[in-house]
Amino acid sequence: MKRRLLALGVVLAAAAALTATALAQHAATPKLVGTVGPGYTINLTVGGKKVSKLKAGTYAFVIHDKASIHAWSLDGPNGFAKDLTQVPFIGTKTVTLKLKAGKYKYYCPPHESMMFGHFTVVA
C-alpha cells in the first residue's frame, strides 16, 4: 500500500511539474493583437499601443479579421512571408511566430496600397 501511495505521489508531482512548465512557457510568449476591417483599416498592437519596435523573439499573433474582403499578412527580412488570414475568412486566429531582427510590413493583400503598417525588430 505504501509503495502504491509513493508511486502515486511521484506521478502527481511529475504531472504538476509538467503543467507548471507548460503554463510558464505559455505565459512567457508576448501577445500581439492584429485587426483588419471591417472598414479599410489594419493595425498591430501590444498592450493596446501600436507596434513600432520589438525585440527579436517569439510572439503570439492574435488576428481579428472582421471582413470577408480583407486578410492579414506579414512580410519580413530574408524572404519571410506569412499569410495569417486569407479572404474570405472572418474570425480570430492565433499564430505563434519567431521574429528575427529586421524590418517587417503587415498588410491586407487585396488592398495593400492603402492598408499596411511597418515595425522594426531589433536584436
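Residues numbered from 1 in each chain as written. Predicted model: local features only at pLDDT ≥ 70, side-chain atom pairs only at ≥ 80, totals over all residues. Heavy atoms only, no water.

1. A closer look at the sheet that holds strand 6 (residues 73-75)
Here comes step 1: In space, the five strands of this open sheet follow the order 4-10-9-6-7, with mixed pairing throughout. What marks the edges here is a single partner per strand, and that holds for strand 4 (53-55) and strand 7 (81-83). For this sheet the average axis-to-axis angle between neighbouring strands, irrespective of direction, equals 20 degrees.
Here comes step 2: Alignment of strand 6 against strand 7, held across three bridges, turns out to be antiparallel. (Pairing = 2+ DSSP bridges. Helix = DSSP H or I, 4+ residues; strand = E, 2+ residues; numbered from the N terminus. Axes fitted to C-alpha atoms, helices over the stretch in contact; angles between N-to-C directions.)

2. Considering the environment of Ala101
Here comes step 1: Take Ala101: it is sitting in the loop between strand 8 (91-99) and strand 9 (102-107).
Here comes step 2: Residue classification places Ala101 among the partly exposed residues on the basis of a relative accessible area of 42%.
Here comes step 3: Sequence separation between Ala101 and Gly57 is 44 residues; the distance between their C-alpha atoms is 8.9 Å. (Buried < 20%, exposed > 50% of the residue type's maximum accessible area, 1.4 Å probe, protein only.)

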